[in-house]
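Tertiary structure, described
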Amino acid sequence: MRTVLDPHLVDASGREPGLWVAVRDQRRALLFDLGELGALSPRTLLRSTHAFVTHPHMDHFAGFDHWLATALGRMPGMTVWGGPGFVDRVEHKLRAYTWNVVHRYTLPLVIEARSLEADGTRRGARFDSREAFARRDVPDEPARGDVLLEEPLLRVRARIVDHEMPVLACAIEETAQVRVAADRIAAMGLATGAWLQALKAAVLAGAPDDDTLDVRWRDAAGDHERRLRLGELRPLVLDTTPGRRIGYVTDLRFTEANLVQLDALLAGVDVLYIECVFADEDRELARRRNHLTARQAGSIGRRLGARQLQPFHFSPRYEGAEERLRQQALGAWQGAIEPDSPY
Ligand SMILES: [Zn+2]
Ligand SMILES: [Zn+2]
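Read on for an overview of the structure. (Residues numbered from 1 in each chain as written. Chains lettered and ligands numbered in written order. Predicted model: local features only at pLDDT ≥ 70, side-chain atom pairs only at ≥ 80, totals over all residues. Heavy atoms only, no water.)

Brief notes about the packing of helix α8 (residues 256-266) against helix α10 (residues 294-304)
The interhelical angle for the contact between α8 and α10, taken along N-to-C directions, is 45°, at an axis separation of 10 Å. Relative to α10, the element α8 is oriented oblique. Regarding α8 and α10, the two cross each other, and that crossing is right-handed. Contacts from Glu-256, Leu-259, Val-260, Leu-262, Asp-263 and Leu-266 in α8 reach Ile-300, Arg-303 and Leu-304 in α10. Of the residues assigned to the contact of α8 with α10, the class counts are six nonpolar, no polar and three charged. (Axes fitted to C-alpha atoms, helices over the stretch in contact; angles between N-to-C directions. Helix = DSSP H or I, 4+ residues; strand = E, 2+ residues; numbered from the N terminus. Parallel < 35°, antiparallel > 145°, perpendicular 65-115°, else oblique. Left-handed = near helix turned anticlockwise from the far one by under 90°. Contact = heavy atoms within 4.5 Å. Nonpolar A, V, L, I, M, F, W, Y, C, P; charged D, E, K, R; others polar.)

In structure tokens:
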């Protein structure tokens, strides 16, 4: 079955961090990290509705200005998520500029900043161009699971890992899909309508056959309504497939505590994008700089049972030798190189 999410590294060479995920059929995208965004087309930036900034190191957040400059007067809104204290970071970014003309744009821009705090609380503020981006706090929301964004087609989850500072590790998950046989709908004397979504949701939720569903639709003859049992409707469903899951993991230490967080977020992930900042032979340096080696990245992919591994974020010290890091990561993931153990 076709997938809804189409992920791409922002920098195909793998040196700069950043991922963008196109949401097929919605003409929109999600951004993961706002580093060097020069490789993205203005069209992609203008279609991006949400960004998730793993942490406010420059190579992950300096591109906020680029996105904002592209968006001003051309986009109605953007939502930016980050880790602890992130709402203040966005405010500081916005306060660095003078906004004396921005209220004249015919299309105002509203920036929603959100943070996942260390205790799970979600903090938020709204910045509106009509008010020169003055900060308007929204009430805190108490901790509730790890889902940051939930929509009918997808959700984004995040957990905090340690990089000598808190960092968001992210999971981008497609909703499971239910395929329905159009000819069987007609054969039952029904027609498509919003009730199909309710049927799919009930099937995915494992609802019992005795549950009933109000099947409503409208055609040339007018409005129709029938109440049917889920058991009667179930033959309409051809099959269900789990949605594809993508992991975006960058800037973290190779500790057991971090791996436990990743287990909870990404076990069995389909595609794992993971930092490979240092080569295996520079393990000590990686430890001091709070990063992974390529072999450690591959070991994490193996531990999680990732079905595909996409190494990225190679240190510039390996310029021209990135292939060696890729081979170390893939070797550890496939088991050809002995996996490294966390410290
Ligand atoms: Zn980084
Ligand atoms: Zn960093």
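Here we look at the coordination of the zinc ion (ligand 2)
Looking at the metal site, the zinc ion (ligand 2) is ligated by His-55 (NE2), His-57 (ND1), His-163 (NE2) and Asp-251 (OD), spaced 2.2 Å from it. Its four donor atoms give the zinc ion (ligand 2) angles of 83 to 162° at the centre, a pattern that matches the irregular case. Counting gaps between the donor residues of the zinc ion (ligand 2) yields the pattern H-x1-H-x105-H-x87-D. With relative accessibility at 1%, the residue His-55 sits in the buried group. (Donors = N, O, S within 2.8 Å, 3.2 Å for Na, K, Ca; no water. Tetrahedral: all angles 85-135°; square planar, octahedral: opposite > 155°, others 65-115°. Buried < 20%, exposed > 50% of the residue type's maximum accessible area, 1.4 Å probe, protein only.)

Quick look at the pairing of strand β5 (residues 77-82)
Counting buried positions along β5 gives five out of six residues, so the element sits mostly inside the fold. As paired elements, strand β4 (residues 48-52) and β5 share three bridges and run parallel to each other. Bridging across to β5, Phe-52 finds its partner in Trp-81. Where β5 lies against strand β6 (residues 110-116), six bridges are found, and the strand directions are parallel. Residue pairing for β6: Met-78 is matched across the bridge by Ile-111. With helix α4 (residues 86-95) bridging β5 and the parallel β6, this β-α-β connection has right-handed handedness. (Pairing = 2+ DSSP bridges. Right-handed = clockwise from strand over helix to strand, strands pointing away.)

With respect to the packing of aromatic side chains
Applying the stated criterion across every chain, the model contains eight aromatic pairs. With a centroid separation of 5.0 Å and an interplanar angle of 10°, the aromatic rings of Phe-32 and Phe-52 are classed as stacked. You can see Phe-32 sitting in strand β3 (residues 28-32) and its partner Phe-52 sitting in strand β4, a full 20 residues away along the chain. Both residues of the pair, Phe-32 and Phe-52, count as buried. Ring centres of Phe-254 and Tyr-343 lie 6.4 Å apart, and the angle between their planes is 75°; on these two criteria the pair is classed as edge-to-face. Residue Phe-254 is located in the loop between β16 (245-249) and α8, and its partner Tyr-343 is located in the segment after α11 (322-334); the two are separated by 89 residues in the primary sequence. What makes Phe-254 buried here is its relative accessible area of 1%. Residue placement shows Lys-93 over the ring face of Phe-61; its charged tip is 4.7 Å from the ring centre. (Phe/Tyr/Trp six-rings, centres within 6.5 Å; stacked < 30°, edge-to-face > 60°. Lys NZ or Arg CZ within 6 Å of the ring centre and 35° of its normal.)

Description of the coordination of the zinc ion (ligand 1)
Protein-derived coordination of the zinc ion (ligand 1) comes from Asp-59 (OD), His-60 (NE2), Asp-251 (OD) and His-313 (NE2), at a distance range of 2.1 to 2.5 Å. The coordination sphere of the zinc ion (ligand 1) comprises four donor atoms, whose angles at the metal cover 83 to 151°; the geometry is irregular. A separation of 3.7 Å is found between the zinc ion (ligand 1) and the zinc ion (ligand 2), which share Asp-251 as a coordinating residue. Here His-313 lies in the loop between β18 (309-312) and α11 and His-60 lies in helix α2 (residues 58-61), a separation of 253 residues in the sequence.

Remarks on the pattern of salt bridges
Under the counting rule described, the total for this entry stands at 36 salt bridges. For Arg-123, the salt bridge is made with Glu-117, and the minimal N-O distance between the two is 3.9 Å. One salt bridge in this structure joins Arg-324 and Glu-281, with 2.1 Å as the shortest N-O distance. You can see Arg-324 sitting in helix α11 and its partner Glu-281 sitting in the loop between β17 (271-275) and α9 (283-288), a full 43 residues away along the chain. Note on Arg-324: relative accessible area 37%, which makes it partly exposed. Judged by its relative accessible area of 48%, Glu-281 falls in the partly exposed class. A single salt-bridge network, built from bridges that share partners, covers Asp-146, Arg-155, Arg-157, Arg-159, Glu-173 and Arg-245. (Salt bridge = Lys/Arg side-chain N within 4 Å of Asp/Glu carboxyl O.)

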